Amino acid sequence: MSLFLITFLSIYGGMHVYAFFRLRAALSPSPAFSGVLVAWMLLMTLAPLLVRLFERTGMGRAAFLTAWPGYIWMGFLFLFVSSLLIMQALSGVNWLSNRIFSFPPHDFLSAAFSCKLALILAIVASVYACFEAYQIQTEHVTIKSGKLPSGMSRIRIVQLSDVHIGLLLGEKRLEHILEAVRQAQPDILVSTGDLIDGRLSREEISPDLNRLAAILAAVNVPSGKFAVTGNHEAYAGLQQALTFTHAAGFTVLRGQSIKLPNGITITGIDDTAVTGNSVEIQNSGNTLLRSVSKNAFHLLLKHRPEIDPESDGSFDLQLSGHVHKGQLFPFNFIVKYKYPIPCGTSTTKTGSQIHVSRGTGTWGPPMRLLAPPEITVIDIIPSDGRNALYW
């Protein structure tokens, strides 16, 4: 058994065990109900693995029917366990204050009541999170730059990130996303990784994915569509993911720079899940960035919101995603520890800019809580000859 499976089953299975014993203590269910709950939790623990197995063996319908309840349950369980842990922490504070300061205990922090309250909160939050996942917001960013060609009044870029086209994001949802793109009327459309999700067949991409690729390809953008790989392109099967992305009309930049007629230079770098994180590859990327002329506006596409100190200042704007702003509160606190650059726009130490998208789709649970999906509209406009960027 691989380290990943051991880790996954230990953590996800442990969450189920913790939730079960808390529920049993609070609700005192009958033996029959307890047996049903144990069977359900065992099935749900294995559901994500079954989804990947069904995908790999070409059982698309079985994968779809397993994914919906399996991933919604995953989201609910995370919210439930998070609520339980918060209640337990409050109960610990209450107990400590009672021991030290003789404060009276609060009944609402009892184990039974706090579990019932956590269950209600998790159910309500899960319903709302399913709703929020479909509420795509358009984030507008304006950049003033002295690097636009003479006579150029504006260049509009639309960023998609972490769309995760697959079992849980199909044609209807994709059309909803692309309607927002069409309304923005971009000059350039970019995808900053994880355009596709799931485990793709080693053979040609499926008819369903071909249809979705054709829908993406039908979006006409004057100055082109560009993409970089994310970690899920590597997980899905790199060659199959690249085939899909090309069929969707994107030019995939893999450690490459391209200068457009409108004066912008775009550089795309592969995700470390594709290339590995070796010093040699990192140095190669830094060399590529430094080789680009500083006279042209330099746009960097990179899936993860990370900036190597050696490359900081060698681009004007970096567009990234990957973090989903945690996707489900309070997971954003864990994500922020790993990736401290916040979602939204930030200025680097040397004055370059980075915009980190919350993501356009969802990974795993088709749910978002306090992290609504976004498409990003970036307008680059002249700044009277000044080279600095301002928001």
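Everything discussed here concerns the structure shown above.
Our subject in this report is the structure included herewith. (Residues numbered from 1 in each chain as written. Predicted model: local features only at pLDDT ≥ 70, side-chain atom pairs only at ≥ 80, totals over all residues. Heavy atoms only, no water.)

Digging into the pairing of strand β4 (residues 225–228)
Here β4 shows no split at all, with Lys225 and Ala227 on one side and Phe226 and Val228 on the other all buried. Pairing analysis gives four bridges linking strand β3 (residues 188–192) to β4, with the strands arranged parallel. In the sheet register, Val190 faces β4, and the bridge partner there is Phe226. Note: β4 against strand β5 (residues 251–252), two bridges, orientation parallel. Bridge pairing in β5 places Phe226 opposite Thr251. (Buried < 20%, exposed > 50% of the residue type's maximum accessible area, 1.4 Å probe, protein only. Helix = DSSP H or I, 4+ residues; strand = E, 2+ residues; numbered from the N terminus. Pairing = 2+ DSSP bridges.)

Let's talk about the sheet that holds strand β12 (residues 374–382)
As summarised here, the arrangement of the six strands in space is β1-β12-β2-β3-β4-β5, forming an open sheet in which the pairing is mixed. Two strands close off the open sheet at either side, each with one partner strand: β1 (137–145) and β5. Across nine bridges, β1 lies against β12 in parallel orientation. From the neighbouring strand, Gln137 faces β12, where its bridge partner is Glu374. Set on the sheet, helix α5 (residues 171–184) makes contact with β2 (155–160), β3 and β12; between it and β2 the angle comes to about 170 degrees. (Contact = heavy atoms within 4.5 Å. Axes fitted to C-alpha atoms, helices over the stretch in contact; angles between N-to-C directions.)

Concerning the nonpolar core
In terms of nonpolar packing, the biggest core is built from 35 residues, with Tyr12, Met41, Trp73, Leu77, Leu79 and Phe80 touching the most fellow members. It is helix α3 (residues 60–101) that provides the largest number of residues to this core, a total of 13 residues. Formed by 30 residues, the second largest nonpolar core is a distinct cluster that contains Leu195, Ala213, Val221 and Val377. (Core = buried A, V, L, I, M, F, W, Y, C linked by side-chain atoms within 4.5 Å.)

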